[in-house]
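Each chain is listed here by its residues.
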Amino acid sequence: MEKSFAELKELNSELKALNSNLENLLIEKEIQLLGLYEDISDAYMVIDLNGNVLKMNSAAKALFGYSIENEKLNLIELIHKDDFDLGLYYYMELVDKGFCKNFKTRVNTKNGDLKWIHINGSIIYNKRGEPLVAQGIIRDITETILNIELIEEQKTQLGIIVNNSNLGILLIQSGQIIRTNYTIQCFLGYTEEELCRLTLREISHEEDLDCYQDQLKELELGQLDNLVVEKGYKKKNGSIFWAKTNVNAARNLLGEIKYEVILVEDIALQREKTLMIDMINDVAKSILGKMDLHEIAWEITRSITKYLGSDDSVIYIVNKETEILEQIAAYGEKLNGDENIINRINIPLGTGIVGAIAKSGIAEIINDTSKDKRYLVDNIRRSSEISVPIITDGEVIGVIDSEHIDKNFYNKEHLRTLENIARLVAMQLKNAINLRERERAEQTSKELLVELEKRNKELNDYAHIVSHDLKSPLRSILALTSWIKQDHAQVIDENGIENFKHIEDKIEKMDNLIDGILNYSNIGEKHISNESVDLSAIIDKIKSIIYIPPHVEIVVKKKLPFVYGDPTRLQQVFQNIITNAVNYVDKPFGLVEVDFTENDEYYEFSISDNGIGISNKYYKKIFEIFQSVSDVESTGIGLSIVKKIVDLYNGKVWVESEVNVGTTFFFTLKKSNI
Amino acid sequence: MKILLIEDDAIEIMKFQRTISSLGLKHEIIEARNGEEALKLLGVKNKLPDIILLDLNMPKINGIEFLTILKNNEVLSVIPAIVLSTSRNNRDILECYKIGIAGYVLKPLKYEDYVLRIEKVMLYWGENELYK
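Residues numbered from 1 in each chain as written. Chains lettered and ligands numbered in written order. Predicted model: local features only at pLDDT ≥ 70, side-chain atom pairs only at ≥ 80, totals over all residues. Heavy atoms only, no water.

Turning our attention to the side chain of Glu-385 of chain A. Looking at where Glu-385 of chain A falls in the secondary structure, it is placed in strand β15 (residues 384-392). Here Glu-385 of chain A is buried and forms no salt bridge, its nearest opposite-charge partner Arg-374 of chain A lying at an N-O distance of 7.9 Å. (Helix = DSSP H or I, 4+ residues; strand = E, 2+ residues; numbered from the N terminus. Buried < 20%, exposed > 50% of the residue type's maximum accessible area, 1.4 Å probe, protein only. Lys, Arg positive; Asp, Glu negative; His and termini not counted. Salt bridge = Lys/Arg side-chain N within 4 Å of Asp/Glu carboxyl O.)

Here's what the structure looks like:
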């Protein structure tokens with residue numbers, strides 16, 4: 001054991017000696033290496049532990065501007081005073097650990113420049129392990145540092161720009177949103193976190209996607225680096241945000257798209273202006289020449305909806321009679337597939353926002369309908385509303401109304417535009433409303449006419465039935481009186497016979513009256529013939545039918561013409577007047593004269609007598625039914641029949657007379673075929 | 001002659017009967033108060049009349065309706081039907097002739113005139129050969 005211990009001790013000292021030899025050898029080798037550093041491009045220095053430079057290669061000379069051949073140089077003195085503490089720290093480390101890495105400091109060079117250097121150094125020890133010198137490789141990192149600073153500075157500047165930009169910015173990687181700025185968050189109503197969970201497709205308005213699909217492809221394939229489109233984005237609340245979109249592709253070295261930077265510009269205002277002009281044009285064009293109320297209203301709602309970007313536009317028309325606003329056209333969600341309005345509502349004047357506007361005639365924007373008590377919920381509640389009256393001649397004839405699910409959706413520009421539209425369409429709507437009213441009135445009068453015809457027919461039938469029912473009893477009475485006279489001839493005296501005669505006369509008069517009514521009601525009947533009638537023949541016929549006392553003469557002053565008409569009715573006219581004339585003759589010699597004059601259009605006939613005459617206060621009355629002026633046997637129907645027939649032929653009838661001298665009846669008949 | 005008189009008015013029936021008897025005619029008069037009753041009577045084949053006299057205004061089936069039924073019946077359509085009416089209405093007259101009446105006689109106002117007219121009608125049909 002002891003021996004082995006001694007052996008070990010000896011072995012140990014031998015090893016130590018060997019080790020020392022090796023160490024000296026290593027130092028020697030390192031010193032030899034110094035020669036190599038002379039030639040490397042990085043600066044190389046050897047300093048003593050006080051910082052005095054013992055050796056430096058040419059690169060180091062170039063870096064610091066000093067040369068130790070000519071002057072004494074201390075590295076520590078070169079360190080910038082602000083970095084001194086840091087330098088001290090690294091020096092301690094170097095001494096402690098024997099090396100230091102990544103020491104970055106500023107140094108003053110000989111020509112006064114401030115340089116950033118990077119030092120990796122180590123201590124060189126002697127055989128006894130005592131620090132001998134320090135060596136180090138120094139790199140000039142001035143440029144790199146400056147670049148980093150620049151980048152940092154630029155980064156900050158860019159951040160400021162990005163976050164204060166009026167443009168919304170989206171950074172997209174493989175369709176996924178990975179960064180956003182404040183502006184786009186405001187535009188769409190999402191937070192950064194929410195947006196970063198969505199894809200570009202998910203926030204795009206569907207209608208648009210297809211429109212620039214091809215361009216997106218080109219962008220992907222590298223055929224295009226930049227794409228500008230106008231598209232809609234879906235906001236968090238579901239409404240659409242319109243923006244000009246600039247898509248820029250950032251590619252890697254292989255040309256694959258690394259990112260897409262999307263710049264979103266709010267063009268709502270610009271879009272509105274263009275849309276407004278477009279719409280006014282559109283509306284003007286589309287309603288031109290249209291007279292159908294509904295068609296016009298549809299065109300307007302269609303255009304307005306497109307312009308406002310709303311999902312609910314309606315046109316109401318004021319029904320003056322019922323004081324109700326009728327929904328005549330709608331667009332958006334209020335339409336089903338067949339262009340029919342779902343749940344068409346009518347609003348009483350003064351009710352709801354629309355009703356209030358119809359009454360006040362003043363357009364309104366309601367920014368928050370939940371705060372407006374007048375708001376009526378239609379199919380769904382919408383948060384803002386714009387309501388504009390359509391006014392013509394100071395009268396509200398309708399209301400244009402639109403609602404939107406966002407609060408504060410409508411602006412003054414919208415209001416102005418809708419007012420313009422309202423003015424533009426007012427006249428045409430008014431005309432269309434008038435037309436509709438006229439058509440309704442025409443329909444009503446058509447119906448009335450049908451009703452009237454029906455009533456007339458009923459009245460005629462009625463006249464016939466009544467007449468028949470009246471005539472039959474008269475016949476019965478006369479039969480019975482006749483039988484009494486026959487069966488009791490012996491007991492009836494002259495006075496009785498006389499009374500029976502009175503009964504018979506009265507009944508005869510009544511029968512005539514009934515016939516008169518029947519004739520009168522027959523005149524209007526449809527089946528009247530229209531043929532050429534020889535009036536001379538008519539007069540001859542009348543002369544043969546009516547009773548003409550011997551002292552009365554009927555004279556036709558010149559040959560009467562042929563006229564077109566119904567022979568029976570024309571005969572009635574002449575017969576009734578002539579019968580009257582004959583009946584009212586009170587002179588020893590009666591003269592009834594028939595004559596006529598003519599002009600291009602009509603004949604004017606006259607029948608005069610030298611009878612009792614008619615006071616002028618009765619001139620009108622005599623033509624009215626049941627008006628008999630005298631107490632002479634007369635039903636008072638004859639002249640009313642004359643008037644009715646002459647009226648039927650669009651002629652005129654009148655009378656001139658002098659009491660006790662005579663009367664002349666005039667009537668006209670048109671020459672043309674009636 | 002066997003005469004079917006369709007008349008709802010009692011006095012009119014009396015008038016006709018008195019006229020026939022006052023004229024000393026030996027016609028057989030069958031009375032019906034309305035068209036329905038008349039059709040029942042006409043249903044009995046061996047009792048068919050030679051001529052039919054009827055008023056147009058009757059309750060239930062009116063004159064025109066009765067005539068239409070009559071003229072659409074093969075057997076009955078050969079019986080001459082003469083209308084006795086107070087109505088001079090052209091429309092009625094036209095329709096009756098279209099259906100196929102044998103005559104249209106107006107009832108005059110005065111009984112004496114009525115007798116004269118019925119006498120002529122009876123004389124005329126008395127002279128006519130009728131289908132038996």
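Our next topic: the pattern of salt bridges. Considering all chains together, one arrives at 38 salt bridges over all chains under this definition. We note a salt bridge from Lys-110 of chain B to Glu-508 of chain A, for which the minimum N-O separation is 3.5 Å. Pair noted here: Lys-110 of chain B is in the loop between β5 (103-106) and α5 (111-127) and Glu-508 of chain A is in helix α14 (residues 494-523), and the two residues belong to different chains. For Glu-508 of chain A, a relative accessible area of 31% gives the class partly exposed. Put simply, Glu-7, Glu-12, Lys-15, Asp-55 and Lys-107 of chain B are held in one network by salt bridges that share partners.

Right, let's get into the side chain of Asp-515 of chain A. Positionally, Asp-515 of chain A belongs in helix α14. Separated by 2.9 Å, the side chains of Asp-515 of chain A and Lys-471 of chain A make a polar contact. Once residues within four sequence positions are removed from consideration, Asp-515 of chain A is found in contact with Lys-471 of chain A together with Arg-88 of chain B. (Polar contact = N/O pair within 3.5 Å; in protein donor to acceptor, adjacent residues only side chain to side chain. Contact = heavy atoms within 4.5 Å.)

Turning our attention to the interface of chain A and chain B. Counting residues at the interface gives 23 residues for chain A and 19 residues for chain B. Together chain A and chain B conceal approximately 1,900 Å² of surface at their shared face, both sides included; 53% is due to carbon and sulfur atoms. For the chain A face of the interface with chain B, the top three residues by lost area are His-468, Arg-475 and Trp-483 of chain A, together amounting to 35%. Linking chain A with chain B are two salt bridges, by the criterion used here. Here Asp-487 of chain A makes a salt bridge to Arg-18 of chain B, at a shortest N to O gap of 2.5 Å. Mapped by element, the contributors of at least two residues to the side of chain A that touches chain B are α13 (412-487) and α14 of chain A. Per-element accounting of the side of chain A that touches chain B gives the leading share, 16 residues, to α13 of chain A. Its residues assigned to classes, the side of chain A that touches chain B shows six nonpolar, eight polar and nine charged. (Buried area = accessible area lost by both parts, 1.4 Å probe. Nonpolar A, V, L, I, M, F, W, Y, C, P; charged D, E, K, R; others polar.)

Residue and element names in this part refer to chain A. A cluster of acidic residues, Asp-292, Glu-295, Glu-439 and Glu-442, forms a negative patch on the protein surface. Locating Glu-442 in the fold gives a position in helix α13. A residue is classified by how much of its surface remains accessible, and Glu-442, at 43% relative accessible area, is partly exposed. (Patch = residues over 30% accessible without salt bridge, like charges linked within 9 Å, V, L, I, M, F, W, Y side chains within 5 Å. Areas by Shrake-Rupley, 256 points an atom, 1.4 Å probe, with all protein chains shown as cover. Charge placed at Lys NZ, Arg CZ, Asp CG, Glu CD.)

The strands making up a sheet associate through backbone hydrogen bonding, with each pair oriented either parallel or antiparallel. All names here are of chain B. Taken together, the five strands give an open sheet; going across it, the order is β2-β1-β3-β4-β5, and neighbouring strands pair in parallel fashion. On the outer flanks of this sheet lie β2 (28-32) and β5, each paired with one strand and no other. Averaged over all neighbouring strand pairs, the angle between strand axes comes to 20°, with direction disregarded. In this structure, strand β3 (residues 51-55) lies alongside strand β4 (residues 81-85), joined through four bridges in parallel fashion. Note that in β4 the partner of Leu-53 across the bridge is Ile-82. Across the sheet, helix α1 (residues 10-22) is in contact with β1 (2-6), β2 and β3; its angle to β2 comes to roughly 180°. (Pairing = 2+ DSSP bridges. Axes fitted to C-alpha atoms, helices over the stretch in contact; angles between N-to-C directions.)

So, on to the nonpolar core. Residues and elements named next belong to chain A. Of all hydrophobic cores here, the largest spans 39 residues; its most connected members are Phe-574, Ile-578, Phe-605 and Phe-667. Elements represented by at least two residues in this core include exactly α15 (535-545), β18 (552-556), α16 (567-583), β20 (590-598), β21 (602-609), α17 (638-648), β22 (653-658) and β23 (662-670). The leading source of residues in this core is α16, at seven residues. Excluding residues that lie within four positions of it along the chain, Phe-574 makes contacts with Leu-535, Ile-539, Ile-542, Val-594, Phe-605, Ile-607 and Phe-667. (Core = buried A, V, L, I, M, F, W, Y, C linked by side-chain atoms within 4.5 Å.)

With that settled, consider the sheet that holds strand β4 (residues 114-125) of chain A. All names here are of chain A. In space, the five strands of this open sheet follow the order β2-β1-β5-β4-β3, with antiparallel pairing throughout. Both outer strands of the open sheet, β2 (53-56) and β3 (99-108), are each paired with one neighbouring strand and no more. Shown here is a sheet whose adjacent strand axes are inclined to one another by a mean of 30°, direction ignored. In this structure, strand β1 (residues 43-47) lies alongside β2, joined through three bridges in antiparallel fashion. The residue bridging Ile-47 from the neighbouring strand is Val-53, located in β2. Its contacts with the sheet place helix α4 (residues 84-97) against β3, β4 and β5 (131-140), and it is angled at close to 150° to β3.

A few words on the packing of aromatic side chains. Residue and element names in this part refer to chain A. In the structure shown here, the tally under the stated rule is 15 aromatic pairs over all chains. When the ring of Tyr-603 is compared with that of Phe-605, the centres are 6.0 Å apart and the planes differ by 40°; the resulting orientation is tilted. Tyr-603 gets classed as buried once you look at its relative accessible area, which sits at 13%. Following the ring pairs from residue to residue traces out a cluster consisting of Phe-574, Phe-596, Tyr-603, Phe-605 and Phe-667. Lying over the aromatic face of Tyr-233, Lys-231 brings its terminal NZ or CZ to 4.4 Å of the ring centre. (Phe/Tyr/Trp six-rings, centres within 6.5 Å; stacked < 30°, edge-to-face > 60°. Lys NZ or Arg CZ within 6 Å of the ring centre and 35° of its normal.)

Residues of chain B with pLDDT of at least 70 account for 98%, and the chain-wide mean is 90. For this predicted complex, the interface confidence score (ipTM) comes to 0.87, while the overall pTM stands at 0.43. (pLDDT = per-residue confidence, 0-100.)

Quick look at the packing of α1 of chain B against α5 of chain B now. All names here are of chain B. Closest axis-to-axis distance for the α1/α5 pair is 10 Å, and the angle between their directions is 65°. Crossing hand, α1 versus α5: right-handed. Residues Glu-12, Lys-15, Phe-16, Arg-18, Thr-19, Ile-20 and Ser-22 of α1 form the contact with α5, whose participating residues are Tyr-111, Tyr-114, Val-115, Ile-118 and Met-122. Across the contact of α1 with α5, the residue classes break down as seven nonpolar, two polar and three charged. (Left-handed = near helix turned anticlockwise from the far one by under 90°.)

Here we take up helix α12 (residues 352-360) of chain A. Among the nine residues of α12 of chain A, seven are classified as buried, and the element is accordingly described as predominantly covered. Looking at α12 of chain A, one finds that the buried residues are Gly-352, Ile-353, Val-354, Gly-355, Ala-356, Ile-357 and Ala-358 of chain A.

Residues and elements named next belong to chain B. Interhelical geometry of helix α2 (residues 35-42) versus helix α3 (residues 63-71) gives an angle of 20° and a closest axis separation of 10 Å. It follows that α2 is roughly parallel to α3 by the angle criterion. Of the two possible hands of crossing, α2 and α3 adopt the one that is right-handed. Residues Gly-35, Ala-38, Leu-39 and Leu-42 of α2 pack against Phe-66, Ile-69 and Leu-70 of α3. Per-class residue counts for the contact of α2 with α3 are six nonpolar, one polar and no charged. (Parallel < 35°, antiparallel > 145°, perpendicular 65-115°, else oblique.)

So, about the environment of Lys-81 of chain A. Residue and element names in this part refer to chain A. The topology assignment puts Lys-81 in the loop between α3 (75-78) and α4. In this structure Lys-81 comes out as exposed when scored by relative accessible area, which is 67%. Taking the C-alpha atoms as reference points, Lys-81 and Val-107, 26 residues apart in sequence, are found 8.7 Å from one another.

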